[in-house]
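Analysis of the macromolecular model
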Amino acid sequence: MNISIIIPTLNEEDALPALLAALKKEANIAEVIVVDGGSTDCTCALAKNAGARVIESVCGRGQQLRAGADLAKGDVLWFLHADTVPESGASIALLEALENSRDAPGGNFRVVFDGDSEFAKWLTGFYAWLRSHGIYYGDSAVFVRRSIYHEIGGLTDTALMEDYEFSRRLERAGPTLNIDTANVVTSSRRFNNRAPWWIVMQWISIHLLYYCNFSGRCLSKLYNSRIHSPADQK
């Protein structure tokens, strides 16, 4: 088996090089597809120089991921955020896990949030607890057999929670894998200068509104809002 890696980007010139450098050391990578949503910095040039295939898409993570998946040729689709870097040997761990569990449609990796803050450490533990209950998100490096991806209808083009919605369908497709022999390290940058209690309340609010069938566009506005977001209080 080989792997197609799909990375959605928008002005990721700072984060992307570390990910692309890490991927060059991984085995069985058939292609790296960077799906750009209209960057105005050097993101696309950096990706091309690193040997990635760059395609343009309407901005929106769900739409970008779907566009990349539609073009991917690998046996396994591996969705990575630009600020999430797999540890060495992650691709081998992924393929070995799928080989050893032929009924598994896909899965994700154990997430470690970077930084030394207490909140980053708490998030790492919280994500592990969520995963023990079958809940995970796109920053945990979700992967899926390409055949299964198409069988379950692929990713939707919703503006937010596309990863969660996809993971629900992936869970229904069979017993998924959670790889912890090689972690992925993701950035805590989106939590900078924000009070931890506010982040948790926002997370709860988005999930409640999602289950009340609020649109992805509405949820995205809430997620990206800084109008009422309290500054980090330490």
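In this text the structure is predicted, and so the values were computed from the model without any measurement. Numbers given to residues run from 1 along each chain, matching the order in which its sequence is written. For this predicted model, a pLDDT threshold of at least 70 governs which residues receive local features, and a threshold of 80 or more governs which side-chain atom pairs are given and counted, while totals over whole chains, interfaces and linings are taken from all residues. To get the side-chain values, all heavy atoms of the structure are used, and hydrogens and water are removed first.

**Topic: the state of the cysteines**
Keep this limit in mind: By disulfide we mean two sulfur atoms from cysteines, separated by a distance within 2.5 Å. Per-residue accessibility, obtained with a 1.4 Å probe over protein chains only, is compared with the maximum for each type, and a residue is labelled buried under 20%, exposed over 50%, and partly exposed between these values.
One pass over the structure, following the stated rule, counts zero disulfides. Its sulfur unpaired, cysteine 42 is 9.6 Å from the next cysteine sulfur, which belongs to cysteine 44. Given a relative accessible area of 44%, cysteine 42 falls into the partly exposed group.

**Digging into the environment of leucine 80**
So the rule is basically this: For helices the rule is a DSSP run of H or I covering at least 4 residues; for strands it is a run of E covering at least 2, with both sets numbered from the N terminus onward.
With respect to the helices and strands, the residue leucine 80 is situated in the loop between β4 (76-79) and β5 (84-86). For leucine 80, a relative accessible area of 0% gives the class buried. C-alpha separation for the pair leucine 80 and leucine 65, spaced 15 residues apart in sequence, amounts to 9.4 Å.

**Regarding the pattern of salt bridges**
To keep things clear, this is the line we draw: Think of a salt bridge as a Lys or Arg side-chain nitrogen and an Asp or Glu carboxyl oxygen that are within 4 Å of each other.
This model, assessed by the stated rule, comprises five salt bridges. In this structure, glutamate 99 and arginine 102 form a salt bridge, with 3.0 Å as the shortest nitrogen-oxygen distance. The exposure class of glutamate 99 is partly exposed, given its relative accessible area of 36%. For arginine 102, a relative accessible area of 62% puts it in the exposed group. Lysine 121 is the salt-bridge partner of glutamate 118, the closest N and O atoms lying 3.8 Å from each other. You can see glutamate 118 and its partner lysine 121 sitting in helix α5 (residues 118-132), three residues apart, about one turn around the helix. Since its relative accessible area comes to 60%, glutamate 118 is described here as exposed. The exposure class of lysine 121 is exposed, given its relative accessible area of 51%.

**A look at the pairing of strand β3 (residues 53-56)**
Inclusion rule: DSSP calls a pair of strands paired once it identifies at least 2 bridges connecting them. Orienting the strands away from the viewer, one traces the path from the first strand over the helix to the second; a clockwise path indicates a right-handed crossover.
Inspection of the sheet shows strand β2 (residues 29-36) paired to β3 by four bridges, in the parallel sense. Considered in β3, the bridge of aspartate 36 is made with glutamate 56. Since β2 and β3 lie parallel, the crossover through helix α2 (residues 43-49) that links them has a hand, and here it is right-handed.

**A few points about the nonpolar core**
Just so we agree on the cut-off: Put simply, buried Ala, Val, Leu, Ile, Met, Phe, Trp, Tyr and Cys residues joined by side-chain atoms within 4.5 Å make one nonpolar core. A contact between two residues is defined here by any heavy atoms of the two lying within 4.5 Å.
Within the largest apolar cluster, 42 residues are counted, with the highest numbers of intra-cluster contacts made by Ile7, Trp78, Leu94, Phe109 and Phe143. Looking at this core, the elements that each hand over two or more residues are β1 (3-9), α1 (16-24), β2, β4, α4 (90-100), β6 (106-113), α5 and β8 (177-186). When residues no more than four places from it in sequence are discounted, the contact partners of tryptophan 78 are Ile3, Ser4, Ile5, Ile6, Pro86, Ala90, Ser91, Leu94, Phe109, Ala141, Val142 and Phe143. Among the nonpolar cores identified, the runner-up in size contains 18 residues, and Ile55, Tyr136, Val142 and Tyr149 belong to it.

**Concerning the sheet that holds β4**
One key point about sheets: their strands pair by backbone hydrogen bonds, in either a parallel or an antiparallel sense. Test applied: Here an angle of 0 to 180 degrees is reported between the N-to-C directions of two axes, which are lines fitted to C-alpha atoms, with helices fitted over the stretch in contact.
Strand order in this open sheet of eight strands is β3-β2-β1-β4-β7-β6-β8-β5, and the pairing throughout is mixed. The strands lining the two open edges of the sheet, one partner per strand, are β3 and β5. Across this sheet, the average inter-strand angle for adjacent strands is 30°, counted without regard to direction. Against the sheet, α4 makes contact with β1, β2, β4, β5, β6, β7 (143-145) and β8, and its axis sits at roughly 160° relative to β8, the strand it touches most. Seen against the sheet, α5 touches β6 and β8 and runs at an angle of roughly 160° to β6.

**A closer look at α5**
The condition is simple: Working rule for helices: expected span equals 1.5 Å times residues minus one.
End to end, α5 covers 21 Å across 15 residues, agreeing with the expected 21 Å (1.5 Å per residue, within 8%). Within α5, the full set of buried residues consists of Phe119, Ala120, Leu123, Thr124, Phe126, Tyr127, Leu130 and Arg131. In the segment just after α5, glycine 134 is the residue with positive phi, at about 80°.

**Examining the pairing of β6**
For β6, the buried fraction is high: six of the eight residues fall into the buried class. Relative to β7, β6 runs antiparallel, the two being bridged by two bridges. Each residue of the ladder has a partner; that of glycine 107, found in β7, is phenylalanine 143. The sheet contact formed by β6 and β8 spans six bridges and is parallel. Across the sheet, the residue bridging to asparagine 108 is asparagine 178, located in β8.

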